[in-house]
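Below are the chains, spelled out letter by letter.
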Amino acid sequence: MDELIIKSSKITAVQALGFKRTLYEAIDWNDRLIGIMGARGTGKTTLMLQRLKTLGLSGAEAIYLSLDDIYFTRHNLTEVVEIFTSKGGKYLFLDEVHKYPEWHREIKNIFDFNREVNIIFTGSSIIDMLRLPVDLSRRAVVYQLTGLSFREFLHYDQGVEFRKLSLTDVLENHERVAIDIIQQLKPLQHFSRYLSYGYYPFYKENTNTYHTRLEEVIKLIIEYDLAFMEHIDYQNIRKILQLMAILAEHVPFTPNITDLGKKLAMGRNTVIQYFHYLEKARLINNLYAGGKGYGKLEKPGKVLLENPNLFEALAISHPDRGSVRESFFVSQFLDGGHHISLHEKGDFEIDGKFVFEVGGKNKGFKQIAGLANSFIAADDLEVGTGHKIPLWLFGFLY
């Protein structure tokens, strides 16, 4: 137990507190069981350690445990918690819970029988709390941590903090809001960097090797996380990697399930299931026409990479600018908690109410002429006018 306290104290001591994700303030830390889910590289461990450090408690009262630590190959979590609570322990910060066998069962029991203990845990975005064999969803308050928004990137990268905008702010007041922002910095100077490497916070460690590291993260998500959580065998994991490679070359992609089935030597339902796996792993976004179902056997109408940084990581040397724009636009809305679907005239429909075309600064309204609540999200535009809004400003929605 002492070695775990020493490890926890060392890693907490070096954790910086200067920049905190927006989610940090949104979490109600008074809840006794908190889950933070997200894809690899989005900063779950950092957020957890910041909370631990902010508490200012001793290692005997609050401890960080990574459940993939070799220590847990010869000890179980319940034993550790019994010792921890007997010495006055109050806060358990459990990282990478999905790597620990039967983690959900042990956490449930610890929660139920140790009323004095607060538990904060992190896990893969692939975990479906509603499908767990024990009822943690009723006990835990679960939050999703996404990658950095453009707004968070500017704070993290430039040290300039802006408020989060509602969609109403953007649609009704975008001219004034954009002018206020450009008085502090020039967003277009930073937007291209964000599209290239600003979504995952670990870019700051070395931008030169960022895309190589991100490529490794993608492989780990597919080869390890998906295989572990969904019990997919090695041969099928190779086919998922092959599907990801096909998507990377063709996004935005309108799936032809028959052709894909032939290329991958698998049936229609299996191909569609793989699209769902990749979306759960936060590597792609599957979009459907408004009013269509989203069942397991419903093929997506369009597939986009989950965020723009994935283009270079997947060795797309000259990605189509339109694809990058759409990937950014969709990711900012989905990560900001909005519903997005395909529209028969415009590119996208937001929350069943607003229609958007995404394009360059010279994009016209011809395609959406006459549609109520229709807008253009225009790239390479510093300040918009009327229903033409700068694309970068949608990066302030979370």
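Reading the values: the criteria
- Residues numbered from 1 in each chain as written.
- Predicted model: local features only at pLDDT ≥ 70, side-chain atom pairs only at ≥ 80, totals over all residues.
- Heavy atoms only, no water.
- Helix = DSSP H or I, 4+ residues; strand = E, 2+ residues; numbered from the N terminus.
- Rg over C-alpha atoms; globule rule 2.2 N^0.38 Å.
- Buried < 20%, exposed > 50% of the residue type's maximum accessible area, 1.4 Å probe, protein only.
- Areas by Shrake-Rupley, 256 points an atom, 1.4 Å probe, with all protein chains shown as cover.
- Salt bridge = Lys/Arg side-chain N within 4 Å of Asp/Glu carboxyl O.
- 1 Å grid on protein atoms, 1.4 Å probe; cavity = no way out; pocket = protein on both sides within 12 Å on 5 of 7 lines; lining within 4 Å.
- Points joined across faces, edges and corners; volume = space filled by probe spheres on them.
- Nonpolar A, V, L, I, M, F, W, Y, C, P; charged D, E, K, R; others polar.
- Contact = heavy atoms within 4.5 Å.
- Pairing = 2+ DSSP bridges.
- Expected span 1.5 Å × (residues − 1).
- Patch = residues over 30% accessible without salt bridge, like charges linked within 9 Å, V, L, I, M, F, W, Y side chains within 5 Å.
- Axes fitted to C-alpha atoms, helices over the stretch in contact; angles between N-to-C directions.
- Phe/Tyr/Trp six-rings, centres within 6.5 Å; stacked < 30°, edge-to-face > 60°.
- Parallel < 35°, antiparallel > 145°, perpendicular 65-115°, else oblique.

1. Quick look at the overall build of the chain
Along the backbone of the chain there are 14 helices and 12 strands. Here the C-alpha radius of gyration of the chain, 22 Å, is about what a compact globule of 398 residues would show, namely 21 Å. Within the chain, the proportion of its 398 residues that are buried is 57%. By element, 49% of the accessible surface of the chain is carried by carbon and sulfur atoms, the whole surface being about 17,600 Å².

2. Topic: the pattern of salt bridges
Here the structure, examined in full by the defined rule, presents 21 salt bridges. Residues Asp 112 and Arg 139 are paired through a salt bridge, measuring 3.1 Å at the closest nitrogen-oxygen approach. Here Asp 112, found in helix α5 (residues 103-113), pairs with Arg 139, found in the loop between β4 (118-124) and β5 (141-145); they are 27 residues apart in sequence, far enough to count as distant. Two residues, Arg 163 and Asp 169, come together in a salt bridge whose shortest N-O distance is 3.2 Å. It is possible to trace a salt-bridge network through shared partners that takes in Asp 68, Glu 96 and Lys 99.

3. Some details on empty space enclosed by the protein
Over the atoms rolls a probe the size of a water molecule, and its path tells where empty space is left. For the coordinates displayed, the defined rule picks out two cavities of 30 Å³ or more. One number sums up the size of the largest cavity: a volume of about 50 Å³. Around the largest cavity, the lining residues are Gly 38, Ala 39, Arg 40, Lys 44, Glu 96, His 98, Ser 124, Ser 125, Ile 126, Ile 221, Asp 225 and Ala 281. For the lining of the largest cavity, a count of residues per class yields four nonpolar, four polar and four charged.

4. Observations regarding the environment of Pro 255
Tracing the backbone shows Pro 255 in the loop between α10 (234-250) and α11 (257-264). Separated by 17 residues in sequence, Pro 255 and Ile 272 have C-alpha atoms that sit 9.3 Å apart. Excluding its chain neighbours within four sequence positions, the residues that come into contact with Pro 255 are Leu 260, Phe 275, Lys 299, Pro 300, Gly 301, Lys 302 and Val 303.

5. Regarding unusual backbone geometry
Although it is not a glycine, Arg 282 adopts a positive phi angle of roughly 60 degrees. On the accessibility criterion, Arg 282 (18% relative accessible area) is buried. With phi around 55 degrees, Asn 373 is a residue other than glycine that occupies positive phi space. Within the element layout of this structure, Asn 373 appears in the loop between β10 (354-359) and β11 (374-378). Note on Asn 373: relative accessible area 35%, which makes it partly exposed.

6. Overview of the pairing of strand β7 (residues 302-305)
Taking every second residue as pointing to the same face, both faces of β7 are buried, with Lys 302 and Leu 304 on one and Val 303 and Leu 305 on the other. The sheet contact formed by strand β6 (residues 284-287) and β7 spans four bridges and is antiparallel. Within β7, the position partnered with Leu 287 by the bridge is Lys 302.

7. Description of helix α3 (residues 44-55)
With 12 residues, α3 should reach 16 Å at 1.5 Å per residue; the first-to-last C-alpha distance of 17 Å fits that figure. Positive backbone phi, approximately 70 degrees, marks Gly 56, located one or two places after α3.

8. Re a nonpolar patch on the surface
There is a patch of nonpolar side chains on the surface, built from Leu 220, Tyr 224 and Phe 228 and spanning about 250 Å² of accessible area. Summarising the element assignment, Phe 228 is placed in helix α9 (residues 210-230).

9. So, the sheet that holds β11
The sheet built from five strands is open, its strands ordered β8-β9-β10-β11-β12 with mixed pairing. The sheet terminates laterally at β8 (340-342) and β12 (388-390), the two strands that pair on one side only. Between one strand axis and the next, the sheet turns through 35 degrees on average, direction left out of account. Note: β10 against β11, five bridges, orientation parallel.

10. Some words on the packing of aromatic side chains
Counted by the stated rule, this structure contains 31 aromatic pairs. Between Tyr 197 and Tyr 210, the ring centres sit 6.5 Å apart and the planes meet at 70 degrees, which makes this aromatic pair edge-to-face. Residue Tyr 197 is located in helix α8 (residues 187-197), and its partner Tyr 210 is located in helix α9; the two are separated by 13 residues in the primary sequence. Using a relative accessible area of 0% as the deciding quantity, one classes Tyr 210 as buried. Between Phe 329 and Phe 348, the ring centres sit 5.7 Å apart and the planes meet at 25 degrees, which makes this aromatic pair stacked.

11. Some words on the packing of helix α1 (residues 2-13) against α3
At a closest axis distance of 9 Å, the pairing of α1 and α3 adopts a crossing angle of 95 degrees. When the axes of α1 and α3 are compared, the pair comes out roughly perpendicular. Along its contact with α1, which presents Ser 8, Ile 11, Thr 12 and Ala 13, the element α3 presents Leu 49, Leu 52 and Lys 53. By residue class, the composition of the contact of α1 with α3 is four nonpolar, two polar and one charged.

12. Some points on the sheet that holds strand β3 (residues 91-95)
Strand order in this open sheet of five strands is β2-β3-β4-β1-β5, and the pairing throughout is parallel. Whereas interior strands pair on both sides, the edge strands pair on one side only; in this sheet they are β2 (62-66) and β5. On average, each strand axis in the sheet is tilted by 15 degrees relative to the strand beside it, whichever way the strands run. Here β3 pairs with β4 via four bridges, running parallel. Its bridge partner being in β4, Leu 94 is matched across the sheet by Phe 121.

13. A short note on the environment of Phe 111
In this fold, Phe 111 is placed in helix α5. Judged by its relative accessible area of 11%, Phe 111 falls in the buried class. Measuring from C-alpha to C-alpha, the distance between Phe 111 and Glu 298 comes to 38 Å, with 187 residues separating the pair along the chain. Setting aside residues up to four positions removed in sequence, Phe 111 forms contacts with Arg 32, Leu 33, Ile 119 and Arg 139.

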